Amino acid sequence: MGQNGTGPNGTRNVGPRCIALVGPFQSGKTTLLEAILARTGAVQRQGTVDAGTSVSDASKEARSHKMSVEATFATTNFMGDSYTFIDCPGSIEFIQDMRSVLPAVDAAVVVCEADEKKVPQLQLILRELEDQNIPRFVFLNKIDKADKRVRETIKLLQPASRVPLLLRQIPIWNGDIISGFVDLALERAFVYKEHAPSEIIELKGENLDRKKEARFTMLETLADHDDQLMEQLLEDIEPPRDKVFDDLAKELRDRIVCPVLLGVAARSNGLLRLLKALRHESPGASETSQRLGVKAGNEVMAFVLKTFHTTHGGKMSVARLLAGQAGDGTTLATSAGDAGRVSGVFKLMGQHFEKRGQATAGETVALGKLDSAKTGDTLSSGKQPAAALVQMKPLAPALAIAVQAKERKDDVKLGPAFTKLTEEDPSLTVVHKAESHEVVIWGQGEMHLRVAAERLAERFMVPVSTRPPSVGYRETIRKPITQRGRHKKQSGGHGQFGDVVLEIKPLPRGSGFKFEDRITGGVVPRNYIPAVEEGVIDALKHGPLGFPVVDMSVALIDGSYHTVDSSDQAFRTAGRIGIVEALPQCQPVLLEPIHEVEIVCPSEATAKMNAILSGRRGQILGFDTREGWDGWDTVRAQMPEAEIGDLIIEVRSATAGVGSFTFKFDHMAELTGRTADQIIAARRAAE
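Residues numbered from 1 in each chain as written. Predicted model: local features only at pLDDT ≥ 70, side-chain atom pairs only at ≥ 80, totals over all residues. Heavy atoms only, no water.

A. Spatial organisation of the pattern of salt bridges. Per the counting criterion, the structure on display carries 53 salt bridges. A salt bridge links Lys 211 to Glu 187; the shortest N-O distance between them is 3.0 Å. Taken together, the residues Lys 211 in helix H6 (residues 205–223) and Glu 187 in the loop between strand E8 (177–183) and strand E9 (188–193) connect sequence positions 24 residues apart. Taking the relative accessible area as the measure of exposure, Glu 187 reaches 31% and is therefore partly exposed. For Arg 617, the salt bridge is made with Glu 643, and the minimal N-O distance between the two is 3.1 Å. (Salt bridge = Lys/Arg side-chain N within 4 Å of Asp/Glu carboxyl O. Helix = DSSP H or I, 4+ residues; strand = E, 2+ residues; numbered from the N terminus. Buried < 20%, exposed > 50% of the residue type's maximum accessible area, 1.4 Å probe, protein only.)

What follows is the structure, encoded as structure tokens:
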């Protein structure tokens, strides 16, 4: 598509756009959004994160932590076109919000800086964009603070991208200060003006030579996929400018290059060129719909990017319309067939939802009161629900906290609050552990869970206390024993009588519990035997060390009964007494759960991972290169559940925030010595 905005067929790709702003933590995404909104007149003045005046990061949690903790949406106009920008969190702990919005955006702007330490974070983000087939620009921010030449920076960043990073601009240096830039496609030089459009200047001398060399490098990269352009370069023919812009647009959309633009978001430098590149080169809603496989037709098709629960407006589903029109009263159904009527269509500006009229294809709006819609759902208006456009696998959880309401009166509010919390953030999982009577929230890290607890208190009005969840310890026995259990009680009228003899034996690890009836001659009537088993099972819930008992067999081998005083209850009690009296004599031993852990990390951190695992009683099974990821390793180990608790904090600390792991239960193992004594003592103290 040419710089004049026309494509090969003479029409410019108009229509509402949806653009994601993504990038490593603290690279300047929120500042860039604020600069765009100020430049396009959506806000009067450019706010800042530090002052707490930005449109994005407006929630109480984001303000207090001075970081993005969820995706923020803002719609504005540039040169007659509507754009919704989505400011996505950069922290790996909140990356689910980025993953959730990407399927339905037209393009992404990857905001980054010349910082070697952030290259692994950049790789994670670019990999997600690559995997989801999203066209992307890089906006190299904070170039006023750069201590490297731009070419060196591109060399530094290139390993993070699977496709060539295509330098679109080069800086103009005034001594050690960058005073402007050259647009290599437009072949024009600009001098920066703070919070104002750049001024065109004439290029001469050394800057002119640098421009020619850098432009040729850019054209060479484009020519890799354009034979005609390659011929022109070989024959020293200057290609027409429109041809260059057509190639830039095509290769961006085909995702075979990633153009790099320069700027300083805090000063609005480089903003206009970025907006014009988005306007002329990024695909529109029709191409995004094709990428997602949306069939052309009259019915509404929309994709839910995010869910909010507002104080006054109720549930809001932020959705990108990919086909059709949706207004107040439109009935939309999820892929599962759950239908609801839209109650209000809203324009988005950070935390503010402004009621508006009907939305058309390409627009990103909030739809009110679609109670059954969830983040990631496909909504449609046809007679038959449309199949889901995207199936997104949730991120594996990495850290857990047990939560309870600070005040008993709030217990009843917790359930609905958890529902809203997990609807807003699908990377949180709530698990009710019946055995320990705990409610456990699983998330992506320490800050993620802290924000979840703050949200429960601030947004859903349920203050909670948190603590580490209990570990699934068990106990077993080492020594067999035969034990009598006798229950005899006489207190006027019918008494109670039950008498059993139990043969108790250890079983191999992982066998669980086995009950056997070996009664002969009717010494214990058949109808009482299930009651004996119930009594035994009841006693095994809490062994002498304080934990459930596993891996043992109990055989009922003898006993006696009374024709009048025996009952189910009496034999249940006798069975329980037999076990309670026997277990302390069976050499009880503590068992702890061992999990298989798989850590992924940049290769330079692999030695650190081995040290971390060894320091947490981990047994390293081996490591290998991570498939499809240059410069990354996978480390496998077996590790006690108790040591996995806060492992993610140490892994992230050792990997500049990018390491992660998955785990699954493998087996139970005996635990003795000081560690076991401390666990047993803590359990007894808690009872």
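The rest of the description comes next.
B. Spatial organisation of the sheet that holds strand E22 (residues 399–405). Read across the sheet, four strands follow the order E23-E24-E22-E25 without closing on themselves; strand pairing throughout is antiparallel. Here the strands that pair on one side only, and so sit at the sheet edges, are strand E23 (429–433) and strand E25 (464–467). The average undirected angle you get between the axes of adjacent strands in this sheet is 35°. As paired elements, E23 and strand E24 (residues 438–443) share five bridges and run antiparallel to each other. Bridged to Lys 433 within E24 is Glu 438. On the sheet, helix H12 (residues 446–458) packs against E22, E24 and E25 and is oriented at approximately 125° with respect to E24. (Pairing = 2+ DSSP bridges. Axes fitted to C-alpha atoms, helices over the stretch in contact; angles between N-to-C directions. Contact = heavy atoms within 4.5 Å.)

C. Looking closely at the side chain of Glu 34. Relative to the helices and strands, Glu 34 is located in helix H1 (residues 29–39). Not counting the four nearest positions on each side in its chain, Glu 34 is found in contact with Val 43, Arg 45, Gln 46, Gly 47, Thr 53, Ser 54, Val 55 and Ser 56.

D. Looking closely at helix H7 (residues 227–234). All of the buried residues along H7 are Leu 229, Gln 232 and Leu 233. Take H7 and look down its axis: the buried residues cluster within an arc of 100°, on one side only. Exposed and facing more than 90 degrees away from the buried side of H7 are Asp 227 and Leu 234. Lining the buried residues of H7 we find H6 and helix H8 (241–253). Here H7 starts with a cap whose side-chain oxygen sits 3.0 Å from the backbone nitrogen of Gln 228, and that cap is Asp 226. (Arc of directions from axis to C-beta. Polar contact = N/O pair within 3.5 Å; in protein donor to acceptor, adjacent residues only side chain to side chain.)

E. How the structure looks around the nonpolar core. Counting residues in hydrophobic clusters, the biggest one holds 78 residues, and the most contacted among them are Val 22, Phe 73, Ile 86, Leu 129, Leu 157 and Leu 305. Excluding residues within four positions of it along the chain, Leu 129 makes contact with Val 22, Leu 102, Ala 108, Val 110, Ile 134 and Arg 136. Membership of the second largest hydrophobic core comes to 35 residues, among which are Val 464, Cys 601, Val 635 and Leu 647. (Core = buried A, V, L, I, M, F, W, Y, C linked by side-chain atoms within 4.5 Å.)

F. Layout of the packing of helix H15 (residues 606–615) against helix H17 (residues 647–654). Viewed as axis vectors pointing N to C, H15 and H17 meet at an angle of 155°, and their least axial separation amounts to 10 Å. In terms of orientation, H15 lies roughly antiparallel with respect to H17. Crossing angle aside, the handedness with which H15 passes H17 is right-handed. Across the interface between the two elements, Lys 608, Met 609 and Ile 612 of H15 pack against Leu 647, Glu 650, Val 651 and Ala 654 of H17. Class assignment for the residues of the contact of H15 with H17 results in five nonpolar, no polar and two charged. (Parallel < 35°, antiparallel > 145°, perpendicular 65-115°, else oblique. Left-handed = near helix turned anticlockwise from the far one by under 90°. Nonpolar A, V, L, I, M, F, W, Y, C, P; charged D, E, K, R; others polar.)

G. Main features of unusual backbone geometry. One non-glycine residue, Lys 142, adopts positive backbone phi at about 60°. The residue Lys 142 is located in the loop between strand E5 (136–140) and helix H5 (150–157) in this model. Phi at Glu 187 takes a positive value of approximately 55°, unusual for a residue other than glycine.

H. Geometry of the side chain of Thr 40. When you line up the elements, Thr 40 lands in the loop between H1 and helix H2 (60–65). Polar contacts involving the side chain of Thr 40 include one to the main-chain carbonyl oxygen of Leu 37, which spans 3.4 Å.

I. Region of interest: the sheet that holds E9. Strand order in the open sheet formed by four strands is E7-E8-E9-E10, and the pairing between neighbours is antiparallel. In this open sheet, the two edge strands, each paired with only one partner strand, are strand E7 (169–174) and strand E10 (196–201). Neighbour-to-neighbour, the strand axes of this sheet turn through a mean angle of 35°, independent of strand direction.

J. Structural detail: the confidence of the model for the chain. Scored by pLDDT, the chain has a mean of 91; 98% of the residues are at 70 or more. Here residues 1–11 is a poorly scored stretch, pLDDT under 50, and it has 27 contacts once near neighbours within four places are set aside; other chains count. (pLDDT = per-residue confidence, 0-100.)

K. Focus on H17. All of the buried residues along H17 are Leu 647, Ile 648, Val 651, Arg 652 and Ala 654. Along H17, the residues classed as buried sweep out an arc of 165° about the axis, all on the same side. On its buried face, H17 is in contact with E22, strand E31 (588–602), H15, strand E33 (632–640), helix H16 (641–644) and strand E34 (660–671). Of the residues one or two after H17, Ala 656 is the one with positive phi, at around 55°.

L. Broad picture of the packing of aromatic side chains. On inspection of all chains with the given rule, the structure shows ten aromatic pairs. With a centroid separation of 5.6 Å and an interplanar angle of 65°, the aromatic rings of Tyr 473 and Phe 547 are classed as edge-to-face. Taken together, the residues span a long stretch of sequence, with Tyr 473 in the loop between E25 and strand E26 (474–477) and Phe 547 in the loop between helix H13 (529–540) and strand E30 (552–560) at a distance of 74 residues. A relative accessible area of 9% places Tyr 473 in the buried class. Ring geometry for Tyr 528 versus Phe 571: centroids 4.9 Å apart, planes at 20°, classification stacked. One end of the pair, Tyr 528, is in the loop between strand E29 (513–517) and H13; the other, Phe 571, is in helix H14 (residues 568–582), with 43 residues separating them in the sequence. Taking NZ or CZ as reference, Lys 306 lies 5.5 Å from the ring centre of Phe 308, over its face. (Phe/Tyr/Trp six-rings, centres within 6.5 Å; stacked < 30°, edge-to-face > 60°. Lys NZ or Arg CZ within 6 Å of the ring centre and 35° of its normal.)

M. Just the packing of helix H11 (residues 411–424) against H12, in detail. In the contact formed by H11 and H12, the axes pass within 11 Å of each other and the chain directions differ by 130°. Overall, the two elements H11 and H12 adopt an arrangement that is oblique. Where H11 crosses over H12, the handedness of that crossing is right-handed. For the pair H11 and H12, contact is made by Ala 417, Phe 418, Leu 421 and Glu 424 and by Ala 452, Arg 455 and Leu 456, respectively.

N. Seen up close, the pairing of strand E1 (residues 17–22). Burial runs high along E1: six of the six residues are buried. Residues Arg 17, Ile 19 and Leu 21 point to one face of E1 and Cys 18, Ala 20 and Val 22 to the other, with burial holding for every one of them. For E1 and strand E3 (residues 81–87), the ladder comprises five bridges, and the chain directions are parallel. By the bridge assignment, Leu 21 is partnered in E3 with Asp 87. In this sheet, strand E4 (residues 107–112) lies alongside E1 in parallel orientation, the contact comprising four bridges. Across the sheet, residue Val 22 finds its bridge partner in E4, namely Val 110.

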